[in-house]
Amino acid sequence: AFLHEIISPTVENEIKENGYISYQTIDNQVVSAGFGREDTYNPNSKYKTMVIHTFATAEEYRGRGLCKQLVNEFIRKFGKTHILYLLVRTEHDNVNHSALKCYTNCGFIMLPDVYRNHYDGKNTAMVRVPTPIRKASLKKKKKRTRKRK
């Protein structure tokens, strides 16, 4: 099964903690998955926070933009109300270039001084701030006409 040793325990943990699971299937088989968990510590904060993590795509389906689709699903659902953050592997000689590209293209920015040592080496934090709803887009645009003299 697709990354069973990583994905199965993560699914169980997210279900226990009321987390979110995003996945894609091709031919009735899960080929890509990612997870999210709200972890807002300050209920008085303007925005909630959510960590998104453990994005994986079966090797034979990589390079098709599936990770980007999963990340964008989290952005679509939570991007206006949550600060989204994640960790990405940046260990020298073991950088996850495809993940960095995906997350950067989805609007995440790297916080180079925020990192942790992980089982696979140094992982650096990336964050995406909420995208506010523009008031102008909610109102009908009025046509301006000007009389010429």
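Scroll up to find the structure this text is about.
Heads up: these notes are all about the structure in this document. (Residues numbered from 1 in each chain as written. Predicted model: local features only at pLDDT ≥ 70, side-chain atom pairs only at ≥ 80, totals over all residues. Heavy atoms only, no water.)

A tally of regular secondary structure across the protein gives four helices and six strands. Order of helices (α) and strands (β) in the protein, N terminus to C terminus: α-β-β-β-α-β-α-β-β-α. Taking all 149 residues of the protein together, the buried fraction comes to 34%. Nonlocal contacts in the protein, meaning residues at least 24 apart in sequence, comprise 55% of its contacts between residues at least 6 apart. As displayed, the protein offers around 11200 Å² of accessible surface, 49% of which is attributable to carbon and sulfur atoms. (Helix = DSSP H or I, 4+ residues; strand = E, 2+ residues; numbered from the N terminus. Buried < 20%, exposed > 50% of the residue type's maximum accessible area, 1.4 Å probe, protein only. Contact = heavy atoms within 4.5 Å. Areas by Shrake-Rupley, 256 points an atom, 1.4 Å probe, with all protein chains shown as cover.)

Along helix H3 (residues 97-105), the residues classified as buried are Ala99, Leu100, Cys102 and Tyr103. In a view along the axis of H3, the buried residues occupy a sector of 165 degrees, so they form one face of it. Facing away from the buried surface of H3 by more than 90 degrees, the exposed residues are His97, Ser98 and Lys101. Contacts made by the buried residues of H3 are with strand S3 (48-57), helix H2 (66-78), strand S4 (82-89), strand S5 (109-118) and strand S6 (121-128). Backbone geometry just downstream of H3 places glycine 107 in the positive-phi region, at approximately 95 degrees. (Arc of directions from axis to C-beta.)

Before going further, it helps to spend a moment on the state of the cysteines. Throughout this description, disulfide means a covalent bond between two cysteine sulfur atoms. If you walk through the whole model with that rule in mind, you get zero disulfides. No disulfide involves cysteine 102; its nearest neighbouring cysteine sulfur is the one of cysteine 67, lying 3.2 Å away. The closest cysteine sulfur to the non-disulfide-bonded cysteine 106 is located on cysteine 102, 4.5 Å from its own sulfur. (Disulfide = S-S within 2.5 Å.)

Running from amino to carboxyl end, H2 crosses H3 at an angle of 40 degrees, the nearest separation of the two axes being 10 Å. Viewed along their axes, H2 and H3 adopt a mutual orientation that is oblique. Between H2 and H3 lies a crossing whose hand is right-handed. Residues Cys67, Lys68 and Val71 of H2 touch H3, and the partners they reach there are Cys102, Tyr103 and Asn105. When grouped by side-chain class, the residues that make up the contact of H2 with H3 number four nonpolar, one polar and one charged. (Axes fitted to C-alpha atoms, helices over the stretch in contact; angles between N-to-C directions. Parallel < 35°, antiparallel > 145°, perpendicular 65-115°, else oblique. Left-handed = near helix turned anticlockwise from the far one by under 90°. Nonpolar A, V, L, I, M, F, W, Y, C, P; charged D, E, K, R; others polar.)

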